[in-house]
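Secondary and tertiary structure notes
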Amino acid sequence: MAWYQYLTLISLLFCCIVCLMHLFRLIRLGSPVDYATPGVKTGPAIAYSFTGAMSPVKKESAYLHLPTYTAGILFHLGSFLSMIILAVHLFSPIITGFLSWPVAVFLFASGTCGISILVKRIIKSSLRNLSSPDDYLSNILVTLFQLATALSLILPAAGPVYFVVSAILFFWFPVGKLRHALYFFAARYHLGLFYGRRGVWPPKPR
Amino acid sequence: MGTLTDPIKNKGLAVFEDLPDSRLITQLNSCVHCGLCAETCIYYLATGDERMIPARKVDLVASIYRRYHTVAGKLFPAIVKARDLDDDTAGEMVDLLYGACTMCGRCNAHCSIGIDIGFVIRTGRTMLSNMGMVPATLQSTVDAALVSGNNMSIPKEEFIDTLKWMEEELVDELNDPQAVIPLDQPGKRVLYTLNPREPKFFPLSIAAMAKIFYAAGESWTLSTRMYDVTNYAYFSGNINEASVIANRLWDEMSALKTQALVLAECGHGSAAFRWESPNYLHQKFPFEVMTSVEWIARYLRQGKIKLDPSRIKETVTLHDPCNLVRNGGIIHEQRYILRQCVENFVEMNPCGSDNYCCGGGGGQLAMSEYNERRIKIAGIKADQIRKTGAKIVVTPCHNCVDQISQINFHYKLNVQIKTIAEIVADALILP
């Protein structure tokens, strides 16, 4: 293993430990006790919170902003794919098989989506005023991670750059807003629980 | 030199300490500042003011949390936009969390992450309340309820006089001396509550509900000691005061030994009592609690009352009170009722749990300092109503009735505004 792979491993370990601390805190604090629970099953509402409620058919923030929504979905898919590839790369040689080109093309596309979201954040005043340096930094790191992954698949010599970018990303991941990757699931759970207990979700046919 | 001393600041920051569950830290760590919530908010839609985007309001509270409770916020606050709780921050919080949010919750359901934005706003209001920064007008409404037992400080004699007057009207209309409005009678099946706006400004809505109870042959009573369904401390964020107000209805149920509490048509009152009061008081209801909308729908399903839709020929539309519908799950009952009591019912667009707030929620009607803003944002509701072509707007919430009445005047809509009980009473076939 080269030094840059060790660096990535250390950052990944740091990221996992801090994320686990966040996770344990969430589990320790647990779900709200609701004395007003009317006795309905909340399971379907929580399931709906993760599925139907997020679809562009139901979610206004999605259907009013379809290009951003689509770019966001691709960007997130690119992130997940890049993480899987990183896990493989850490413990085996860089993949250069027949799949590497289509995967690289997809990651270039998802990285471009990341750039488009970044550009939108820069040029739209409402978003610019809402943003912190963390918002830009996080976007840039994830976009670079995807592009570096793509590059490493078609150009193994880019490996050191790829691992260094990955290392920086995972050091920042649990510190900045990227930790929403963990809290997102808790937020959707809580929202499903809230609307489920009150009988709002899942929507009933009229 | 700021006016916020450390002891005051610490009272505000206490909301982040000793968390009872994971709900708050989840919301405070989740926002990605995508800004896609902007168009869900009537304040942003009506004013175009970027400060009013829901994510900005969430970030006000979250940025304080980050400053005092995260490593990044303590070490490099500028990078993660972590803010000190100082005079500027607190002033901005008052303006945006009290003055630019009706806590309608429309942003919650459409947030790309799923943040319960309404809950974060309420937490921010609790911070401000802890620091003694509730707008004076809103606090005076809460104080009125705490001191007099109802938020309009209606003296008991005046209240009884109004009810006796309505009773006489009812007896005359129904030509039955048994058509009474029972007061403080123990052992009845139902204790009915009121929004103090009813005895003060809209006594006919009390008569309407009394007529429905009469037609259904209900065993019911009103209390002259505690009838106020509202709880403005739910909006001010003072949980202790909210608990005191809620507890009075619990006590009155116990004193009168009634089996069911029927909540008057009041969105926030219903939400505060039905969904929050058990948590304020840490106990489950020992009695049945239902909104009057559900109660009337039950009468219809049981065949206890019958309606004649041919009496109401005008086009009728329905406004969905946020706290009853989106935050309370009462979505279909009012539609079930309306389809049986009017000939021509049309929905607003959007409707149901996606409907827009009237602009009067969140305590806005009590906070006169934000009147101009409140009327401006109501332009969205005015457009919705106008597009339906309706001549009657029905809404099961007296707070919404007030706001829509002002919208009606300001935007010259020329519509009638009624509660569910009022329109049902109009269509009621008497036994």
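Residues numbered from 1 in each chain as written. Chains lettered and ligands numbered in written order. Predicted model: local features only at pLDDT ≥ 70, side-chain atom pairs only at ≥ 80, totals over all residues. Heavy atoms only, no water.

Some points on the interface of chain B and chain A
Between chain B and chain A, the residue contacts involve 58 residues of the former and 53 residues of the latter. Each partner contributes to the roughly 4,800 Å² buried at the junction of chain B and chain A, and carbon and sulfur atoms together form 56% of this total. Looking at the side of chain B facing chain A, the largest losses of area belong to His33(B), Leu36(B) and Trp275(B), adding up to 13% of the total buried there. Counting every contact that joins chain B to chain A gives two salt bridges. On inspection of chain B and its partner chain A, the count reaches 26 residue pairs in polar contact (both at pLDDT 80 or more). At the level of elements, helix H2 (23–28), helix H4 (54–69), helix H6 (77–80), helix H8 (106–110) and helix H16 (267–281) of chain B are the ones that each hand at least two residues to the side of chain B that touches chain A. Residue composition of the side of chain B that touches chain A, by class: 23 nonpolar, 22 polar and 13 charged. (Contact = heavy atoms within 4.5 Å. Buried area = accessible area lost by both parts, 1.4 Å probe. Salt bridge = Lys/Arg side-chain N within 4 Å of Asp/Glu carboxyl O. Polar contact = N/O pair within 3.5 Å; in protein donor to acceptor, adjacent residues only side chain to side chain. Helix = DSSP H or I, 4+ residues; strand = E, 2+ residues; numbered from the N terminus. Nonpolar A, V, L, I, M, F, W, Y, C, P; charged D, E, K, R; others polar.)

What about the nonpolar core?
It is characteristic of soluble globular proteins that their nonpolar side chains tend to be buried jointly. Core analysis: the biggest nonpolar cluster contains 160 residues, and Phe16(B), Ile305(B), Leu338(B) and Val424(B) have the highest contact counts within it. The biggest single contributor to this core is helix H13 (residues 203–216) of chain B, with nine residues. (Core = buried A, V, L, I, M, F, W, Y, C linked by side-chain atoms within 4.5 Å. Buried < 20%, exposed > 50% of the residue type's maximum accessible area, 1.4 Å probe, protein only.)

Some points on the environment of Asp95(B)
Residue and element names in this part refer to chain B. Mapped onto the secondary structure, Asp 95 falls in helix H7 (residues 87–98). Put simply, Asp 95 and Tyr 370 are 275 residues apart on the chain and 9.1 Å apart in space, counted from C-alpha to C-alpha. With near-sequence residues (within four places) excluded, Asp 95 lies in contact with Arg 51, Ala 100, Tyr 370 and Arg 373.

Section: helix H9 (residues 117–130) of chain B
All names here are of chain B. Taking 1.5 Å as the rise per residue, H9 with 14 residues should run 20 Å; its terminal C-alpha atoms sit 20 Å apart, in good agreement. Burial runs high along H9: 13 of the 14 residues are buried. One or two positions beyond H9, positive phi appears at Gly 132, with a value near 75 degrees. (Expected span 1.5 Å × (residues − 1).)

Quick notes on the packing of aromatic side chains
Applying the stated criterion to the full structure yields 27 aromatic pairs over all chains. When the ring of Trp295(B) is compared with that of Tyr299(B), the centres are 6.3 Å apart and the planes differ by 75 degrees; the resulting orientation is edge-to-face. Of the two residues, Trp295(B) and Tyr299(B) are both situated in helix H17 (residues 292–302); the distance of four residues between them amounts to about one turn of the helix. Note on Tyr299(B): relative accessible area 0%, which makes it buried. Ring-pair connections join several aromatic residues into one group, and the members of that group are Trp3(A), Tyr4(A), Tyr162(A) and Phe163(A). It is Arg23(B) that lies over the ring of Phe119(B); its NZ or CZ is 3.9 Å from the centre. (Phe/Tyr/Trp six-rings, centres within 6.5 Å; stacked < 30°, edge-to-face > 60°. Lys NZ or Arg CZ within 6 Å of the ring centre and 35° of its normal.)

So, the pairing of strand S3 (residues 260–263) of chain B
Residue and element names in this part refer to chain B. Because side chains alternate across S3, one face comprises the buried residues Ala 260 and Val 262, and the other comprises Leu 261 and Leu 263, equally buried. When strand S1 (residues 190–192) meets S3, the two strands line up parallel, connected through three bridges. Counted as the bridge partner of Val 190 is Ala 260 from S3. Relative to strand S4 (residues 288–291), S3 runs parallel, the two being bridged by four bridges. Within S4, the position partnered with Ala 260 by the bridge is Glu 288. (Pairing = 2+ DSSP bridges.)

Considerations on the domain arrangement of chain B
Residues and elements named next belong to chain B. Its domain assignment divides chain B into domain 1 (6–133), domain 2 (138–300) and domain 3 (307–429). Computed over C-alpha atoms, the centres of domain 1 and domain 3 are 30 Å apart. Domain 1 puts 20 residues into the contact, and the matching count from domain 3 is 18 residues. Surface buried jointly by domain 1 and domain 3 totals about 1,600 Å² across both partners, of which 58% is contributed by carbon and sulfur atoms. Counting across the domain 1 and domain 3 interface gives one salt bridge. Its salt-bridge partner being Asp 95, residue Arg 373 comes within 3.0 Å of it at the nearest N-O pair. Going through the elements one at a time, helix H3 (42–47), H7 and H8 are the ones with two or more residues in the side of domain 1 that touches domain 3. Among the elements that line the side of domain 1 that touches domain 3, the one with the most residues is H3, at five residues. (Domains from an automatic or database assignment.)

Looking at the sheet that holds S1(B)
Residues and elements named next belong to chain B. Spatial strand order, S2-S1-S3-S4: four strands in an open sheet with parallel pairing. Of all strands in the sheet, those with a lone pairing partner are strand S2 (220–222) and S4, marking the two edges. Neighbour-to-neighbour, the strand axes of the sheet open up by a mean angle of 25 degrees, direction not taken into account. Bridge analysis of S1 against S2 gives three bridges, and the strand direction is parallel. Following the sheet pairing, Leu 191 is matched in S2 by Thr 221. (Axes fitted to C-alpha atoms, helices over the stretch in contact; angles between N-to-C directions.)

A few points about the side chain of Lys418(B)
Residue and element names in this part refer to chain B. Residue position: Lys 418 is located in strand S9 (residues 416–418). Relative accessible area serves as the criterion here: at 16%, Lys 418 is assigned to the buried category. In this structure the side chain of Lys 418 is engaged in a polar contact, spanning 2.9 Å, whose partner is the side chain of Asp 426. Apart from residues lying up to four places away in sequence, Lys 418 is in contact with Ile 392, Val 393, Val 394, Thr 395, Ile 423 and Asp 426.

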